[in-house]
Amino acid sequence: MTTAGFIDLFATPIAGGVGGFLGMLFVAKDKGFTPKMAVGVGVVIAVVLFAYKLATR
């Protein structure tokens, strides 16, 4: 696997997970969700995106 392939495989899930976490964290203040729930959403998004990237390689 080349460096570009490695970055492509891992960068998208990490960015998606961080984006999901931050989005949920902003919602958490208004809707009563806890930061733990935001972390959970970020992890789930990262795992789903990683599985998608592996399946479509």
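Before reading further, recall that the structure is shown in the block above.
A short tour of the structure in this document, coming up. (Residues numbered from 1 in each chain as written. Predicted model: local features only at pLDDT ≥ 70, side-chain atom pairs only at ≥ 80, totals over all residues. Heavy atoms only, no water.)

Moving on, we come to the pattern of salt bridges. Under the criterion given, the structure shown has one salt bridge. Across the pair Asp 8 and Lys 53 runs a salt bridge, and its minimum N-O distance is 3.2 Å. Of the two residues, Asp 8 is situated in helix 1 (residues 3-31) and Lys 53 in helix 2 (residues 35-55); the sequence distance between them amounts to 45 residues. Residue Asp 8 is classed as partly exposed on the basis of its relative accessible area of 41%. Taking the relative accessible area as the measure of exposure, Lys 53 reaches 18% and is therefore buried. (Salt bridge = Lys/Arg side-chain N within 4 Å of Asp/Glu carboxyl O. Helix = DSSP H or I, 4+ residues; strand = E, 2+ residues; numbered from the N terminus. Buried < 20%, exposed > 50% of the residue type's maximum accessible area, 1.4 Å probe, protein only.)

All right, on to a nonpolar patch on the surface then. A cluster of nonpolar side chains, contributed by Met 1, Phe 6, Ile 7, Phe 10, Ile 14, Val 18, Leu 22 and Phe 26, occupies part of the molecular surface with about 820 Å² of accessible area. Mapping Met 1 onto the fold places it in the segment before helix 1. (Patch = residues over 30% accessible without salt bridge, like charges linked within 9 Å, V, L, I, M, F, W, Y side chains within 5 Å. Areas by Shrake-Rupley, 256 points an atom, 1.4 Å probe, with all protein chains shown as cover.)

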